[in-house]
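# Examination of the molecular architecture
Next come the chains, spelled out residue by residue.
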Amino acid sequence: MSPRARRVPAGRAGRLRLRRSLATAVRGADLLERKLRLLLDREHRARQAAEEAGRVWRHRLAEAETWLVRGVLLGGESALAEAVPAERARVDVQWGALMGVYHPAAVGWTDPVRSPWERTPSNTALAHAETAYRAAARAAAELAAHQAAAELLAAEAVRTRQRVRALRRHWIPRLLDELAAADLALEEAEHEEAVRRRRAAGHGGP
């Protein structure tokens with residue numbers, strides 16, 4: 001008999017407690033399986049979004065590098081250095097929660113703004129390169145956010161799957177065995193009590 005079974009009161013009270021524990025375990029497993037499905041679905045969408053952001057990032061980066069080479073050939077490296085704004089872009093990560101799992105949900109992007117006295121790109125190629133690099137950086141930020149979200153959701157999915165497995169393969173079967181043993185013990189006890197009563201009443205059945 002397991003340690004849990006020894007702590008369960010004998011008789012109907014013990015059987016009732018086991019039934020309640022079993023119902024709780026089954027309900028918990030059902031809820032965890034629902035959580036697991038939601039986590040896996042959100043993880044899948046995050047990985048799809050990461051793949052799309054990765055494609056955009058690679059495309060924009062290649063485009064930006066092409067325009068950069070043209071711009072430097074036209075204006076020289078000094079033109080590139082002069083066209084860099086003093087302000088930096090800003091990335092704000094917005095966090096969301098799914099079934100208690102906090103993860104990056106969106107990325108806010110703010111382009112740097114030139115002050116009136118700062119120089120703008122001296123040729124069209126550098127202007128195009130700037131636009132493409134900003135788009136590439138924005139896509140890179142989105143890629144990182146989607147990847148981080150997918151990893152966090154995947155890690156929680158692993159933990160949830162382990163908990164479901166523990167309930168379905170170990171805890172619930174154990175409770176079923178203990179409940180069956182309690183039912184049998186109660187049936188035997190009631191049979192013995194019925195025999196004693198018959199004997200006490202003078203009927204004396206075996």
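### Regarding the overall build of the protein chain
- On a plain count of helices and strands, the protein chain comes out with 3 helices and 2 strands.
- Start at the N end of the protein chain and walk to the C end: the helices and strands fall as α-α-β-β-α.
- Burial analysis of the protein chain (206 residues in total) assigns 31% to the buried set.
- Considering only contacts within the protein chain whose residues lie at least 6 apart along the sequence, 75% involve residues at least 24 apart.
- For the protein chain, the exposed surface amounts to about 13400 Å²; the carbon and sulfur share of it is 55%.

### Details of the pattern of salt bridges
- A full pass over the atoms with the stated rule returns 14 salt bridges.
- Note that Glu-130 and Arg-134 form a salt bridge whose closest N and O atoms lie 3.6 Å from each other. You can see Glu-130 and its partner Arg-134 sitting in helix H3 (residues 124–200), 4 residues apart, about one turn around the helix.
- Taken together, the shared-partner salt bridges connect Asp-30, Glu-33 and Arg-168 into one network.

### Some remarks on the pairing of strand S1 (residues 90–98)
- Pairing analysis gives 9 bridges linking S1 to strand S2 (residues 101–110), with the strands arranged antiparallel. Considered in S2, the bridge of Gly-96 is made with His-103.
- Hairpin remark: S1 followed by S2, antiparallel, with 2 residues in the connecting loop; positive phi at Met-99, about 55°.

### Considering the environment of Val-72
- Structurally, Val-72 can be placed in helix H2 (residues 11–82).
- Residue Val-72 is classed as partly exposed on the basis of its relative accessible area of 22%.
- Separated by 54 residues in sequence, Val-72 and Leu-126 place their C-alpha atoms 7.5 Å apart.

### Some points on the environment of Pro-121
- Counting through the fold element by element, Pro-121 comes out in the loop between S2 and H3.
- Considered as a pair, Pro-121 and Pro-85 are 36 residues apart in the sequence and their alpha carbons are 9.8 Å apart.
- Leave out the neighbours within four places in its chain, and Pro-121 touches Ala-83, Arg-114, Leu-126, Ala-127 and Glu-130.

### A closer look at the nonpolar core
- Core analysis: the largest hydrophobic core is formed by 11 residues, namely Leu-18, Leu-22, Ala-25, Ala-29, Leu-32, Val-164, Leu-167, Ile-172, Leu-175, Leu-179 and Ala-182.
- For this core, the secondary-structure elements that each account for two or more residues are H2 and H3.
- Residue contributions to this core peak at 6 residues, all from H3.
- Once residues lying within four places of it in the same chain are set aside, the contact partners of Leu-167 are Ala-25, Gly-28, Ala-29, Leu-32, Ile-172 and Pro-173.
- Formed by 6 residues, the second largest nonpolar core is a distinct cluster that contains Leu-36, Val-101, Leu-153 and Ala-157.

### Focus on a nonpolar patch on the surface
- A cluster of nonpolar residues, Val-91, Val-93, Trp-95, Tyr-102 and Leu-152, forms a patch on the protein surface that exposes about 530 Å² of accessible area.
- For the nonpolar patch, the leading source of residues is S1, giving 3 residues.
- The topology assignment puts Leu-152 in helix H3.

### Observations regarding unusual backbone geometry
- Phi is positive for Met-99, which is not a glycine, with a value near 55°.
- Here Met-99 lies in the loop between S1 and S2.
- With a relative accessible area of 36%, Met-99 lands in the partly exposed category.

### Notes on the confidence of the model for the protein chain
- For the protein chain, mean pLDDT is 87; residues scoring 70 or higher make up 89% of the total.
- Averaged over each element, pLDDT in the protein chain is lowest for helix H1 (residues 3–7) (46) and highest for S1 (93).
- Every residue in residues 1–6 is under pLDDT 50, and counting partners more than four places away or in other chains gives 8 contacts.

### Quick notes on the side chain of Lys-35
- One can find Lys-35 in helix H2.
- According to the relative accessible area criterion, Lys-35 is buried, its value standing at 10%.
- Leaving out residues up to four positions away in the same chain, Lys-35 has contacts with Met-99, Glu-156 and Thr-160.

Definitions and cut-offs
Residues numbered from 1 in each chain as written. Predicted model: local features only at pLDDT ≥ 70, side-chain atom pairs only at ≥ 80, totals over all residues. Heavy atoms only, no water. Helix = DSSP H or I, 4+ residues; strand = E, 2+ residues; numbered from the N terminus. Buried < 20%, exposed > 50% of the residue type's maximum accessible area, 1.4 Å probe, protein only. Contact = heavy atoms within 4.5 Å. Areas by Shrake-Rupley, 256 points an atom, 1.4 Å probe, with all protein chains shown as cover. Salt bridge = Lys/Arg side-chain N within 4 Å of Asp/Glu carboxyl O. Pairing = 2+ DSSP bridges. Core = buried A, V, L, I, M, F, W, Y, C linked by side-chain atoms within 4.5 Å. Patch = residues over 30% accessible without salt bridge, like charges linked within 9 Å, V, L, I, M, F, W, Y side chains within 5 Å. pLDDT = per-residue confidence, 0-100.

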